[in-house]
Amino acid sequence: GRTKKAFNDNDGRLRFSKQNVVYKSSKTGKVDNIPAAELSVATWRRVCLGHGIKLATSNGHVYKYDGFRDTDYERISEFFKANYKVELTEKDMCVKGWNWGTAKFSGPLLSFDVNDSSVFEIPLASVSQCATGKNEVTLEFHQNDDAEVSLMEVRFYVPPGPADEGADPVEAFAQNVRSKADVIQATGDAVCVFKELQCLTPRGRYDILIYPAFLHLHGKTFDYKIPYTTVLRLFLLPSKDQRQMFFVISLDPPIKQGQTRYHFLILHFSKEEELKLTLNMSEEEVEKRYEGKLSKNMSGSLYEMVSRVMKALVNRKITVPGNFQGNTPGAQCITCSYKAQSGLLYPLERGFIYVHKPPVHLRFEEISSVNFARGTTTTRSFDFEVETKQGNQFTFSSIEREEYGKLFDFVNAKKLHIKNRGFKEGLVGASWYSDSDDDQHDAYLERMKAEGKIREEGDGSNDSDEETGEYDSNASESDSGSGGDGSGDEGKKKPAKKAKVVKEKRERKPRKEKKQKDTNAPKRPMSSYMLWLNSSRERIKSENPGISITEISKKAGEMWKQIGKEDKEEWDGKAEEAKKTYEKAMKEYRESGGGSSTPAKKESKKKAGGKKEDKKRKSGGGEKEKEQGGNDSFKSREFISSEESSSDGERKKAKKAKKAKGKPQSRDKVLHCHHGNNRMN
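Quick summary incoming for the structure in this document.

Rules behind the numbers
- Residues numbered from 1 in each chain as written.
- Predicted model: local features only at pLDDT ≥ 70, side-chain atom pairs only at ≥ 80, totals over all residues.
- Heavy atoms only, no water.
- Helix = DSSP H or I, 4+ residues; strand = E, 2+ residues; numbered from the N terminus.
- Contact = heavy atoms within 4.5 Å.
- Areas by Shrake-Rupley, 256 points an atom, 1.4 Å probe, with all protein chains shown as cover.
- Expected span 1.5 Å × (residues − 1).
- Buried < 20%, exposed > 50% of the residue type's maximum accessible area, 1.4 Å probe, protein only.
- Pairing = 2+ DSSP bridges.
- Axes fitted to C-alpha atoms, helices over the stretch in contact; angles between N-to-C directions.
- Core = buried A, V, L, I, M, F, W, Y, C linked by side-chain atoms within 4.5 Å.
- Phe/Tyr/Trp six-rings, centres within 6.5 Å; stacked < 30°, edge-to-face > 60°.
- Parallel < 35°, antiparallel > 145°, perpendicular 65-115°, else oblique.
- Nonpolar A, V, L, I, M, F, W, Y, C, P; charged D, E, K, R; others polar.
- Left-handed = near helix turned anticlockwise from the far one by under 90°.
- Polar contact = N/O pair within 3.5 Å; in protein donor to acceptor, adjacent residues only side chain to side chain.
- Disulfide = S-S within 2.5 Å.

Some remarks on the overall build of the protein
Part 1 of the reasoning: Within the protein one finds 18 helices and 31 strands.
Part 2 of the reasoning: Restricting to contacts in the protein with at least 6 residues of sequence separation, those with at least 24 account for 48%.
Part 3 of the reasoning: Total accessible area on the protein is roughly 40,100 Å²; 47% of this is exposed by carbon and sulfur atoms.

What follows is the structure, encoded as structure tokens:
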């Protein structure tokens, strides 16, 4: 006897005797007993672990053992000739590395040959699944739990045969594999068959054949066999419109198609579909096997029949949505988006499930925290972020803000850790959106603050200069007029009206001053952030191709927060230099006579406001007006005449109002009516 190594990587002992060849595995204790009379072919080959022997029997079995030394060949060859009457022939393996050859089926082996030399051999007993495609056959293998690395899949391209041949070469290849492979085989007829069911993942319509031990999905392109032992959970979920149902089967390990893995099988039903189902079993057998869970003849909605049969055969409970109710009446789910695909998020009693593309199931026990975030594109929606204990993050976006209260209460009731509870708790409706993202940098807000600060500093430091220029501007306009005749006064009333309206707007809405911005004045300096953003905008675009304008601002805000103190000081210095340059340019601009029209209006408003207060106090208003109007160095004749006519008209109207109503008329309305050339009640 000699200790050898077998093909399946199990050590053992191989013994050659006159009556038989016996191999016993050291690990499992399994024994291979080959009678000498049945031994038909013996081949000596060089393999990766030295040399090996391939033995074939007359009844079609093949055994392979390796681990021999080169010097063992002569001894074993002589023993085979003397006792088994079989010659031990030497045969070399092909090592050219070609991948185009001939597939030969010899008993339980599939041999891939190039120029009549074997490249590799596949024991068909190791094949667990055989799937066909267009000109392609895929073989999947049982996983070897003892090996660190296992071969799991091999695909063969089968060229189409001549047109006159009736048999499909792909199907013929697959039949040869299935005849010897350890593929899940249907023993007897299916318990029941569901025809043309709509499947979302994998996509398509499939016939579902229910067997006692596995589920067979038969489609136009692919077939899948799913053992019930791989089914983890079953879900039955109503759609938001209450007219459709999703039946979800969670799988581990998943079903595979090429490089794609399907961890969930999702069936889509309409509630209106009805079915009468008859099981392919006798009443006694149904009662004995399923203990009253099923009956031979059943009828009802299609989704009820499928879920009922699956529950009985898999022997697992079906999970349905709990007591959560969304904003839409009767809806137990929330419309949202995940990875740019729209779908439905179902809050369950013990987790969340999202359908359908891609399906996601998150159990509460694996969730580390959740977070409510403001929507990135609009304030009418928000994002729901879930972080797992493994560090994975799932973001369900574009959730309508009306769903916020219900979802927050649900998460709170399930005692999940909410990251931003302090910001959200007690806030509802629109107020939630106003400060839900306080920690985010708002580029527009920063810009407005900077401009407002500069405006305040500019207004406070140059008030006296603006007032002086104000009188000069109005004086120059009046000098170019046509004296003090009536036509000239009438023609100059409109500027007075404009000044009055601007005054009222300024008192109530100071920001309206922007409409009278001097386009010739030097541009206000930018803040340090805006200077940095302008220099970094192109770099952000190049690093993030296709990024939108709003996303650029958000990204820039995040980057600005991460900039070091020294870099920020550099940009602050640049902003300070820009501010000094602006102040110097503004001073030169005013000295050259620029921007004088706007200050003139401001001074006229101040004087008009002062007269209005004097009239309200009724303490020598008319004398003050005349006194101010007589100051020719500051006021034009047209402005004096318009003010005098205004005060005369106001006194007349006030007297009429006292007689008619017995109470004084509002001075504000009188002034407004006179300058607007309108009558107001």
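Here the narrative resumes.
Structural notes on helix α14 (residues 565–591)
Part 1 of the reasoning: The first and last C-alpha atoms of α14 sit 39 Å apart over 27 residues, in line with the 39 Å expected at 1.5 Å per residue.
Part 2 of the reasoning: Where α14 is concerned, the buried positions are Trp571, Ala575, Lys579, Tyr582, Met586 and Tyr589.
Part 3 of the reasoning: Looking at the residues trailing α14, positive phi occurs at Gly593, about 95 degrees.

Focus: the pairing of strand β12 (residues 127–133)
Part 1 of the reasoning: Among the seven residues that make up β12, six are buried, leaving the element largely enclosed by the rest of the structure.
Part 2 of the reasoning: With six bridges connecting them, β12 and strand β13 (residues 136–141) associate as antiparallel partners. Bridged to Thr132 within β13 is Val137.
Part 3 of the reasoning: Joining the antiparallel neighbours β12 and β13 is a turn of two residues, in which Asn135 adopts a positive phi near 60 degrees.

Description of the sheet that holds strand β9 (residues 102–106)
Part 1 of the reasoning: The three strands lie next to each other as β9-β10-β11, forming an open sheet whose pairing is antiparallel. Both edges of this open sheet fall to β9 and β11 (117–123), since each of them pairs with a single strand only. With direction set aside, neighbouring strand axes in the sheet form an average angle of 25 degrees.
Part 2 of the reasoning: For β9 and strand β10 (residues 109–114), the ladder comprises five bridges, and the chain directions are antiparallel. Residue pairing for β10: Phe105 is matched across the bridge by Leu110.

A few points about the side chain of His51
Part 1 of the reasoning: Looking at the secondary structure, you find His51 in strand β6 (residues 50–57).
Part 2 of the reasoning: Every residue in contact with His51, bar those within four places of it in the chain, is listed here: Trp44, Arg45, Arg46, Asp66, Gly67, Phe68, Arg69 and Asp70.

With respect to the sheet that holds β13
Part 1 of the reasoning: Taken in spatial order, the three strands line up as β12-β13-β14 in an open sheet, and their pairing is antiparallel. Of all the strands in the sheet, just β12 and β14 (153–157) have a single pairing partner and so form its edges. Looking at each pair of strands side by side, their axes are set apart by 15 degrees on average, direction ignored.
Part 2 of the reasoning: Against the sheet, helix α2 (residues 169–180) contacts β12, β13 and β14, and its axis sits at roughly 170 degrees relative to β12.

Regarding the environment of Ser25
Part 1 of the reasoning: Tracing the sequence through the fold places Ser25 in strand β3 (residues 20–25).
Part 2 of the reasoning: With a relative accessible area of 6%, Ser25 lands in the buried category.
Part 3 of the reasoning: Expressed as a C-alpha distance, the spacing of Ser25 and Leu14, which sit 11 residues apart in the sequence, is 8.9 Å.

Structural notes on the nonpolar core
Part 1 of the reasoning: Core analysis: the largest hydrophobic core is formed by 40 residues, its most contacted members being Phe194, Ile210 and Leu215.
Part 2 of the reasoning: Element by element, the count of residues in this core is highest for helix α4 (residues 302–314), at nine residues.
Part 3 of the reasoning: The contact partners of Phe194, leaving out residues within four places of it in the chain, are Tyr206, Asp207, Ile208, Ile210, Leu275, Leu277, Leu302, Met305, Val306 and Val309.
Part 4 of the reasoning: Tyr338, Phe364, Phe382 and Val386 belong to the second-largest nonpolar core, a separate cluster that totals 26 residues.

Here we look at the packing of aromatic side chains
Part 1 of the reasoning: Counted under the stated rule, the structure contains 34 aromatic pairs.
Part 2 of the reasoning: With a centroid separation of 5.4 Å and 55 degrees between ring planes, the pair formed by Trp44 and Tyr73 is classed as tilted. In this pair, Trp44 is assigned in strand β5 (residues 39–47) and Tyr73 in helix α1 (residues 72–84), connecting sequence segments 29 residues apart.
Part 3 of the reasoning: Both rings, one in Phe372 and one in Phe384, keep their centres 5.3 Å apart while their planes meet at 45 degrees; by these two values the pair is tilted. Highlighted residues: Phe372 in strand β29 (residues 367–374) and Phe384 in strand β30 (residues 381–388), separated in sequence by 12 residues.

A word on the packing of helix α12 (residues 528–543) against α14
Part 1 of the reasoning: The contact between α12 and α14 brings their axes to 8 Å, and the two run at 105 degrees. The angle between α12 and α14 falls in the class roughly perpendicular. Between α12, through Ser528, Leu531, Trp532 and Ser535, and α14, the contact on the second element is made entirely by Trp571, Asp572, Lys574 and Ala575.
Part 2 of the reasoning: Among the residues forming the contact of α12 with α14, the class breakdown is four nonpolar, two polar and two charged.

So, the packing of α12 against helix α13 (residues 549–562)
Working note: a packed helix pair is described by the angle between its axes plus the distance between those axes.
Part 1 of the reasoning: Contact geometry for α12 and α13: axes closest at 10 Å, N-to-C directions at 115 degrees. You can see that α12 and α13 cross each other, and the crossing is right-handed. Taking contact as the criterion, the partners of Ser528, Tyr529, Trp532, Leu533, Arg537, Arg539, Ile540 and Lys541 in α12 are, on α13, Ile552, Ser553, Lys555, Ala556, Gly557, Met559 and Trp560.
Part 2 of the reasoning: Across the contact of α12 with α13, the residue classes tally to eight nonpolar, three polar and four charged.

Remarks on the environment of Ala37
Part 1 of the reasoning: Tracing the backbone through its elements, the reader meets Ala37 in the loop between β4 (31–35) and β5.
Part 2 of the reasoning: On the accessibility criterion, Ala37 (79% relative accessible area) is exposed.
Part 3 of the reasoning: Through-space distance from the C-alpha of Ala37 to that of Lys85 is 9.4 Å; in sequence the pair is 48 residues apart.

What to know about the side chain of Gln332
Part 1 of the reasoning: Its location among the elements puts Gln332 in the loop between β24 (318–319) and β25 (334–338).
Part 2 of the reasoning: When its relative accessible area of 18% is taken as the criterion, Gln332 is described as buried.
Part 3 of the reasoning: At 3.0 Å, the side chain of Gln332 forms a polar contact with the backbone oxygen of Gly322.
Part 4 of the reasoning: In this structure, Gln332 is in contact with Pro238, Pro321, Gly322, Phe324, Gln325, Tyr346 and Pro347, ignoring residues within four places of it in sequence.

Brief notes about the state of the cysteines
Part 1 of the reasoning: Overall, the coordinates contain zero disulfides when judged by the stated rule.
Part 2 of the reasoning: Cys333 takes part in no disulfide bond, and the closest cysteine sulfur to it belongs to Cys336, at a distance of 9.1 Å.

Some points on the environment of Glu403
Part 1 of the reasoning: Inspection of the secondary structure assignment puts Glu403 in the loop between β31 (393–400) and α5 (404–413).
Part 2 of the reasoning: Take Glu403: its relative accessible area is 2%, and that puts it in the buried class.
Part 3 of the reasoning: In this structure, the C-alpha to C-alpha distance between Glu403 and Gln325, residues 78 residues apart in sequence, is 9.6 Å.

Some remarks on unusual backbone geometry
Part 1 of the reasoning: Cis geometry is adopted by the peptide bond preceding Pro202, which originates at Thr201 and carries an omega value of -10 degrees.
Part 2 of the reasoning: Along the chain, Pro202 falls in the loop between β15 (192–201) and β16 (204–210).
Part 3 of the reasoning: Residue Pro253 is bonded to the preceding Asp252 through a cis peptide linkage, with omega at 0 degrees.
Part 4 of the reasoning: Relative to the assigned elements, Pro253 resides in strand β20 (residues 244–257).
Part 5 of the reasoning: Despite not being glycine, Asn135 shows a phi value in the positive range, around 60 degrees.
Part 6 of the reasoning: Tracing the chain through its elements places Asn135 in the loop between β12 and β13.
Part 7 of the reasoning: According to the relative accessible area criterion, Asn135 is partly exposed, its value standing at 22%.
Part 8 of the reasoning: At Ser398, a position not held by glycine, the phi torsion is positive, near 60 degrees.
Part 9 of the reasoning: Inspection of the secondary structure puts Ser398 in strand β31.

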